[in-house]
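Tertiary structure, described
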Amino acid sequence: STLRRKYMLYDTVSVASGWGFKVNRRLSEGASIQFLPDTIVNGKKYLHGIFTRTTGGIEYNFDGWFLTSPKKTLFSLDQTSYRSTGVPMVGYHQYPLGKRGLKAVMDVSFITDTLTAEEERIFAAWEQYAREHPVR
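The structure reproduced in this document is the subject of the present report. (Residues numbered from 1 in each chain as written. Predicted model: local features only at pLDDT ≥ 70, side-chain atom pairs only at ≥ 80, totals over all residues. Heavy atoms only, no water.)

Quick word on unusual backbone geometry
The phi torsion of most residues other than glycine is negative, and most of the peptide bonds are trans. We count it as follows: Labels follow the DSSP assignment, with helices taken as runs of H or I lasting at least four residues and strands as runs of E lasting at least two, numbered in each case from the N terminus. When accessible area is computed with a 1.4 Å probe and restricted to protein chains, residues below 20% of their type maximum are described as buried, those above 50% as exposed, and intermediate ones as partly exposed.
Residues other than glycine seldom take positive phi values, yet Asn-42 does so here, at roughly 50 degrees. One can find Asn-42 in the loop between strand E1 (34-41) and strand E2 (44-55). Judged by relative accessible area, which is 82%, Asn-42 ranks as exposed.

Written out as structure tokens, the structure is:
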């Protein structure tokens, strides 16, 4: 594989698109995650939680679903809740307060916890390339 573009995450995620997995997005002042009774999404049981977050001066509600037990992963859609609970958020509906309608729907599906030998080889090559060509 060959590197096509490289960016510093905090400068370019909104320009080049992508997901800032490690970006620290805070809950709204005084807000906390309120867990509700579990929910079923596509036949699978999840923890159900809601919270608010202010972005760009607009307060948004997040109606999220979380795995039912702690899991070590890079793929939580909300790092703030993941750091405090150890349970990754794997889906949410985001909508602004008031009558503005739905803003976003997002979900992550975990397929496996391990890589094949071929995937390990590919990721090792990517890691070596990244070390030899660091982002400046």
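Examining the packing of aromatic side chains
The line we're drawing: Aromatic contacts are taken between Phe, Tyr and Trp rings whose centres are within 6.5 Å, Trp giving its six-membered ring; a plane angle under 30 degrees counts as stacked, one over 60 as edge-to-face, and the others as tilted. For a Lys NZ or an Arg CZ to count as sitting over a ring, it must be within 6 Å of the ring centre and within 35 degrees of the ring normal.
A complete count under the given rule lists four aromatic pairs for this structure. The rings of Phe-51, Phe-62 and Tyr-92 are connected pair by pair, giving a single aromatic cluster. Sitting over the face of the ring of Phe-62, Arg-53 holds its NZ or CZ atom 5.2 Å from the ring centroid.

Comments concerning the nonpolar core
The condition is simple: What makes a nonpolar core is a set of buried Ala, Val, Leu, Ile, Met, Phe, Trp, Tyr and Cys residues whose side-chain atoms join them at distances within 4.5 Å. Any two residues whose heavy atoms approach within 4.5 Å are treated as being in contact.
Residues Tyr-46, Phe-51, Phe-62, Leu-67, Met-89, Val-90 and Tyr-92 are the most contacted members of the largest nonpolar core, which totals 13 residues. If you list the elements that add at least two residues to this core, you get E2, strand E3 (58-66) and strand E4 (89-96). Apart from the residues lying within four places of it in its own chain, the contact partners of Leu-67 are Tyr-46, Leu-47, Val-87, Pro-88, Val-90 and Phe-110.

With respect to a nonpolar patch on the surface
Our working definition: Patch construction takes residues with relative accessible area above 30% that form no salt bridge. Like charges are linked within 9 Å, and nonpolar side chains (Val, Leu, Ile, Met, Phe, Trp, Tyr) are linked within 5 Å. Each accessible area is a Shrake-Rupley result for a 1.4 Å probe, and residues are judged covered by the shown protein chains and nothing else. The working definition used for a salt bridge is a side-chain nitrogen of Lys or Arg within 4 Å of a carboxyl oxygen of Asp or Glu.
A surface patch of nonpolar side chains, about 270 Å² in accessible area, is lined by Tyr-95, Leu-102 and Val-105. Mapped onto the secondary structure, Tyr-95 falls in strand E4.

Regarding the sheet that holds E4
Using the following cut-off: Any two strands are treated as partners once DSSP identifies two or more bridges connecting them. Whenever a helix is involved, its axis is fitted only over the stretch in contact; in every case the axis is a line through C-alpha atoms, and angles between N-to-C directions fall within 0 to 180 degrees.
With antiparallel pairing, the five strands of this open sheet are ordered in space as E1-E2-E3-E4-E5. The sheet terminates laterally at E1 and strand E5 (104-107), the two strands that pair on one side only. Each strand axis lies, on average, 25 degrees off the axis of its neighbour in the sheet, ignoring direction. In the sheet, E1 pairs with E2 via six bridges, with the strands oriented antiparallel. Among the inter-strand pairings, Thr-39 is bridged to a residue of E2, identified as Tyr-46.

Observations regarding the pattern of salt bridges
Evaluated as defined, the whole model comprises four salt bridges. Two residues, Glu-118 and Arg-121, come together in a salt bridge whose shortest N-O distance is 3.3 Å. Remark: Arg-121 and Glu-118 occur in helix H3 (residues 117-132); sequence separation between them is three residues, near one turn of the helix. By relative accessible area, which is 48% here, Glu-118 ends up partly exposed. Assessed through its relative accessible area of 53%, Arg-121 is described here as exposed.

Function-wise, these values are silent; they only describe arrangement.
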